[in-house]
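Residue-level structure breakdown
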Amino acid sequence: MWGWKALSAALMAGLILFGGSALLAEGQEDPVTKSEPVVRTLEDFPSPIQGKPLRVAGEYYSEELEMTLFHSGTDYAQAEGAVIRVKHAGRVTYAGPDPFLGHKVEVDCGEDWSVIYGGLKNLRVKEGDWVEVDQAIGQIGYYPDIFGNIEQTHLHYEVWHGDLVQVDSD
Ligand SMILES: [Zn+2]
C-alpha cells in the first residue's frame, strides 16, 4: 500500500505549498518569483546566417583520415568578405587565429553560454570587448575545411553551454 502513503505525502506537500502561497498572498510580494533568472536555450543564440547548413554539428566519417571525427559547429555557406554581425550581446573572450577555423571570435554570453564564430578574417573585435546585438565582428574568409572537403566559404558557428556543445535537434 505504498501508493497511499505516497499520495498522502503528496497531499501534505500540497497543503504546505498551498499554505505557503496563501501566506504570501496576504503579504507584500514574492521575492522568489521576482528574482527568477530567465532560462535560456539554444534558440536564444541563433546563427547570424540562416538557411540550410553545409554541415551540422555532430559525428561524421572522414574518408581521408578513415576515422570518425566530431564537428563541433554548424557550417553555413556564405560569400567571402560577407560581414558577420552577432545576434546576442556578450564579452569577447578570444579573437584571433585558430589552426582549423581561420580566425575565430569567442563570445561569453553569461550564465555559462558561449558562442564561437569560425572561418573569419579581418576581425573587428578584440579580447575583452563587449559586443552588442548586430555588431560586426569580422568578415568571412576563405578557409576550406581541411577534414571534410568543404571548398565553399562558410561561417562555422558553435554554441556552448558549460562544456557541452549544443547540437541542433533538426
Ligand atoms: Zn565547421
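Each remark here, short or long, concerns the structure printed above.
One structure accompanies this document, and this report is about it. Going along each chain's sequence as written, the residues are numbered from 1 onward. Per-residue local features of the predicted model are confined to residues with pLDDT of at least 70, and side-chain atom pairs are confined, for both listing and counting, to 80 or more; whole-chain, interface and lining totals are unaffected and use all residues.

1. Quick notes on the overall build of the protein
Helix and strand definitions follow DSSP, with helices as H or I runs of at least four residues and strands as E runs of at least two, each counted in order from the N terminus. Across its full length, the protein holds 2 helices and 11 strands. Buried means a residue has 20 or more other C-beta atoms within 10 Å of its own C-beta, exposed means 12 or fewer, and partly exposed covers the counts in between; C-beta atoms are placed from the backbone. When each of the 170 residues of the protein is scored for burial, the buried share is 26%. Placing C-beta atoms from the backbone, we regard two residues as in contact once those atoms come within 7 Å. For the protein, long-range pairs separated by at least 24 residues make up 58% of all intrachain contacts whose partners lie at least 6 apart in sequence.

2. Structural notes on unusual backbone geometry
Its identity is not glycine, yet Glu66 carries a phi of approximately 50°, on the positive side. The residue Glu66 is located in the loop between strand S1 (58–62) and strand S2 (67–71) in this model. Residue classification places Glu66 among the exposed positions, given that 7 C-beta atoms sit within 10 Å. Positive phi is not limited to glycine here, since Asp112 has a value of about 75°.

3. Some words on the pairing of S2
Of the strand pairs in this sheet, S1 and S2 are connected by 5 bridges, and their pairing is antiparallel. From the neighbouring strand, Glu59 faces S2, where its bridge partner is Phe70. Following S1, the chain reverses through 4 residues before pairing antiparallel with S2; Glu66 in that reversal takes a positive phi of roughly 50°. DSSP calls a pair of strands paired once it identifies at least 2 bridges connecting them.

4. A closer look at the environment of Ile150
Within the secondary structure, Ile150 sits in the loop between strand S9 (136–140) and strand S10 (154–161). Note: C-alpha distance between Ile150 and Ala77 (73 residues apart in sequence) is 9.7 Å.

5. Structural notes on the nonpolar core
One finds Val105, Val115, Tyr117, Ile137 and Leu155 to be the most contacted residues of the largest nonpolar core, which totals 21 residues. Of all the secondary structure elements, the ones that give two or more residues to this core are strand S6 (102–110), strand S7 (113–121), S9 and S10. Ranked by residue count, the leading element in this core is S7, at 5 residues. Apart from residues no more than four positions distant in its own chain, Tyr117 is found in contact with Ile84, Lys104, Val105, Ile137, Leu155 and Tyr157. Each nonpolar core comprises buried Ala, Val, Leu, Ile, Met, Phe, Trp, Tyr and Cys residues, the members being joined through C-beta atoms within 7 Å.

6. Structural notes on the environment of Gln135
Along the chain, the position of Gln135 falls in the loop between strand S8 (130–131) and S9. The class for Gln135 is partly exposed, based on 18 C-beta atoms found within 10 Å. Between the alpha carbons of Gln135 and Arg85 there is a distance of 5.0 Å; along the sequence they are 50 residues apart. Not counting residues within four places of it along the chain, the set of residues in contact with Gln135 comprises Arg85 and Val86.

7. As for the environment of Tyr94
Locating Tyr94 in the fold gives a position in strand S5 (residues 90–98). In this structure the C-alpha to C-alpha distance between Tyr94 and Val107, which are 13 residues apart in sequence, comes to 7.2 Å. Among all residues touching Tyr94, those that are not within four sequence positions of it are Glu106 and Glu127.

Everything listed here is a matter of coordinates, which is why it stays silent on function.
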